Structure formats: structure tokens, C-alpha cells
Amino acid sequence: MAASKLLVSDMASVVDHVPSNYVRPVSDRPNMSDVESSGDSIPLIDLHDLHGPNRSDIINQFAHACSSYGFFQIKNHGVPEETIKKMMNAAREFFRQSESERVKHYSADTKKTTRLSTSFNVSKEKVSNWRDFLRLHCYPIEDFINEWPSTPISFREVTAEYATSVRALVLTLLEAISESLGLAKDRVSNTIGKHGQHMAINYYPRCPQPELTYGLPGHKDANLITVLLQDEVSGLQVFKDGKWIAFNPVPNTFIVNLGDQMQVISNDKYKSVLHRAVVNTDKERISIPTFYCPSEDAVISPAQELINEEEDSPAIYRNFTYAEYFEKFWDTAFDTESCIDSFKASTA
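Residues numbered from 1 in each chain as written. Predicted model: local features only at pLDDT ≥ 70, side-chain atom pairs only at ≥ 80, totals over all residues. Heavy atoms only, no water.

In the nomenclature of an unreviewed UniProt entry, the chain corresponds to Fe2OG dioxygenase domain-containing protein from the organism Arabidopsis thaliana.

This is the structure:
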């Protein structure tokens, strides 16, 4: 019975152990005794002063967070609390629908712009992940909204409002990050073509043996910048200084992490961050990352202003289109933490 289920959420309710195709090798399991709690160690940037007289202080905080961590939290971010609450409720309602209603949107085709799927890339990966997800392209919204699920009844309206609000936040973040690199504030934004925006609604069911598997294994994001909304259940862990750090959710904040494209544009001044999702026996978890990315035809390369051959700062990466990068990302199926090394400039 369980084996015939497309989605882990429908299988999880009828098993008392983790099926063998979800079990990680012993050397690659979430050893929770080695994980540290985030406490106050994660940078928290208050965006309230970003457009006031203290802007330079906030820009310095961005520079520190991006160069030393690659991830940070933000508060006073401008996305209305009500918008966030409605988005999380819509996500929950979507995954509480009947199996037959949900699987209407199922596809294993990674090129589909709206699809429900499970794990990461089921046609390529060797071990499955304890996650279902609804992936949506959402910029420009009018190009995609009619593909989105029409149930629950308010899903399209709520998701469009949320995506629009988060995009405005991302554009503000990109200006600050650009300035923190010593570049013109529109420099990063102008580097990524017509822009792209995807969302995932990740659903991590309760797991009978969470020590054997992952919601998602350690990986780096292929895109430019990710803005994560999560519910009150812990699950996100970030790798820093040789240790995994558990992010305890803080209400009314977003977690922001840099992706591979930011590492390339910054010519390694800023690094994409390794992170993973773990599961637990007690509570389901929902997280909603917004992946902001270049348009597929955008040609990505290190910013010319950050390259200086004479001062031993050559271009570390070759030019490539985002379409080329994104295809390789899906093909790796998390067999490697990142595919960025294969885009390095030739040293010959």
C-alpha cells in the first residue's frame, strides 16, 4: 500500500518505519548530538533604519553577514504580518486536501513551471528525501498564476499577494547587498536579466525514524538569494565553521541565504551557504522559500569592478547562462553539495 503512494505525506501516515529507499548511509545521517542551537549567534538585521540616516551602519551589517556567514535573519522587513499568516494558512490547507486533489498537480518533470512533487529529483537521485513540495514560478505573476492550483479557493490570490510583497523585499535586499560589495546599488539587479522568481511550499511530514533520513540533505542553492518563511517547527540547519547550527524559528522574521549566483557575481567575496532540513517524530513542518534568480537567458559572471588581475583578484568563474547552471543543478540531484566548481574559469 505505502509503496504505491506518489507522495511521502500519504505514505508517512501508514508506516511505522522509514522505507529503505529513504535510509541514508551511516556516514551521511543527521547526527543531532553534534548540532548546535543558534541562540544569538545568527546575524539579525533590522531593516527599519535602511532608508534613514543609519543606512551606512546597516550596509556594514550586510557586508559582515554576507562575508562571514552567507545567511542572516531580517526583521521590520515590510511584508505585512497578515500577508504572511494568510500564506502559511494557504500552504497548510493545500497539503490538507485529499490525496486525489493534490496529485492532480504531480509531475517529476523539473522543467515544469508549476508542479507538485516529492523528495528532490525522483528520476535522478539514489536516496529519497522525507519531503513533498509544490513548486511555483511566480514572476511575472500574470505569466504563471493560471497554472497554479485553484484550490483551496483563495490560494492564487493569497500566493500572488505574498509573492509580490516578497519580491519588493528582495529588490531592497539586492540594493543593500550590492552596496555592501562597494558596487552601485542597482548593479546586482542589473546583472540578472529580466529576473526570475520561484517559490516552493515544502511539506515535511512527521517521520518515525528521523535519525535515518533528511527532509533535504546538505546543499547550496543554485539561485541568487533565498528568502525563507517557516512555521514554528525547527528543522533548518546551516553549516558554519565546521558545525551544523539549528535555526530556531523567530516570529515575524525571514531567514535570508545567499545562493551560488551571488557567490559568482561577488567573485567569492560572498559565499553560498550549505544548509539542510531535518525532520522529527512529533510535528509536521512547513517552510516556504522564495528563490530569486536570474532569468534563464541572463549571462552570469563576476562583476568587472571586483576583478583586478594586477592585485591578484582574477575572475574566478567563467561566463555562463543561468539556464545552463540551473539544468546542472537539477541533474546533480544533490549528489554534490554544489555544482559551482564546474563553472570556474580555466587556470590554464
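Looking at the sheet that holds strand 7 (residues 216-219)
With respect to topology, five strands assemble into an open sheet ordered 1-10-9-12-7, the strand pairing being mixed. The open sheet terminates on both sides in strands that have one partner only, identified here as strand 1 (36-37) and strand 7. (Pairing = 2+ DSSP bridges. Helix = DSSP H or I, 4+ residues; strand = E, 2+ residues; numbered from the N terminus.)

Remarks on the nonpolar core
Counting 76 residues, the largest nonpolar core has Phe62, Phe254 and Ile288 as the members making the most contacts within it. What phenylalanine 254 contacts, discounting residues up to four positions off in sequence, is Phe72, Gln73, Ile74, His77, Val79, Ile84, Tyr162, Val166, Leu169, Val227, Leu228 and Leu229. By size, the runner-up hydrophobic cluster in this structure holds 12 residues, among which are Ala12, Trp130, Tyr204 and Cys207. (Core = buried A, V, L, I, M, F, W, Y, C linked by side-chain atoms within 4.5 Å. Buried < 20%, exposed > 50% of the residue type's maximum accessible area, 1.4 Å probe, protein only. Contact = heavy atoms within 4.5 Å.)

A look at the sheet that holds strand 8 (residues 225-230)
Strand order in the open sheet made by the eight strands is 2-3-11-8-13-6-5-4, with mixed pairing throughout. Single-partner strands in this sheet number two, and they are strand 2 (44-46) and strand 4 (114-118). The average undirected angle you get between the axes of adjacent strands in this sheet is 25°. Contacting strand 4, strand 5 (132-137), strand 6 (196-204), strand 8, strand 11 (254-258) and strand 13 (285-293), helix 3 (residues 81-96) runs over the sheet at an angle of about 115° to strand 13. Lying over the sheet, helix 6 (residues 155-180) contacts strand 3 (71-75), strand 5, strand 6, strand 8, strand 11 and strand 13, oriented at roughly 135° with respect to strand 8. (Axes fitted to C-alpha atoms, helices over the stretch in contact; angles between N-to-C directions.)

Here we look at the UniProt feature "domain: Fe2OG dioxygenase" (unreviewed entry) in the chain
UniProt records the feature "domain: Fe2OG dioxygenase" (unreviewed entry) at residues 194-294, using the numbering of this structure. In the segment residues 194-294, helix accounts for 6% and strand for 45%; the C-alpha atoms at its two ends are 7 Å apart. (UniProt positions renumbered as here; feature names shortened; annotations may be inferred.)

Here's the deal with helix 3
Compared with the 22 Å implied by 1.5 Å per residue over 16 residues, the 23 Å span of helix 3 between its first and last C-alpha is a close match. Within the sequence span of helix 3, burial applies to Thr83, Ile84, Met87, Met88, Ala90, Ala91, Arg92, Phe94 and Phe95. (Expected span 1.5 Å × (residues − 1).)

Topic: the packing of helix 2 (residues 55-68) against helix 6
Relative to each other, helix 2 and helix 6 sit at 80°, their axes nearing to 8 Å. With respect to each other, helix 2 and helix 6 are oriented roughly perpendicular. Each of Arg55, Ile59, Phe62, Ala63 and Cys66 in helix 2 lies in contact with helix 6, whose residues at this interface are Leu173, Glu175, Ala176, Ile177, Glu179 and Ser180. Here the contact of helix 2 with helix 6 is composed, by residue class, of seven nonpolar, one polar and three charged. (Parallel < 35°, antiparallel > 145°, perpendicular 65-115°, else oblique. Nonpolar A, V, L, I, M, F, W, Y, C, P; charged D, E, K, R; others polar.)

Some thoughts on the pattern of salt bridges
Within the structure shown, the criterion is met by 14 salt bridges. One salt bridge connects aspartate 28 with arginine 24, and the closest N-O pair in it is separated by 3.2 Å. According to the relative accessible area criterion, arginine 24 is buried, its value standing at 10%. Put simply, aspartate 231 and arginine 92 hold a salt bridge, and the shortest N to O gap is 4.0 Å. With aspartate 231 in the loop between strand 8 and strand 9 (236-240) and arginine 92 in helix 3, this residue pair connects regions lying 139 residues apart in the sequence. A relative accessible area of 7% means that aspartate 231 is categorised as buried. According to the relative accessible area criterion, arginine 92 is buried, its value standing at 19%. Sharing partners across several salt bridges, the network here consists of Arg92, Asp231 and Glu232. (Salt bridge = Lys/Arg side-chain N within 4 Å of Asp/Glu carboxyl O.)

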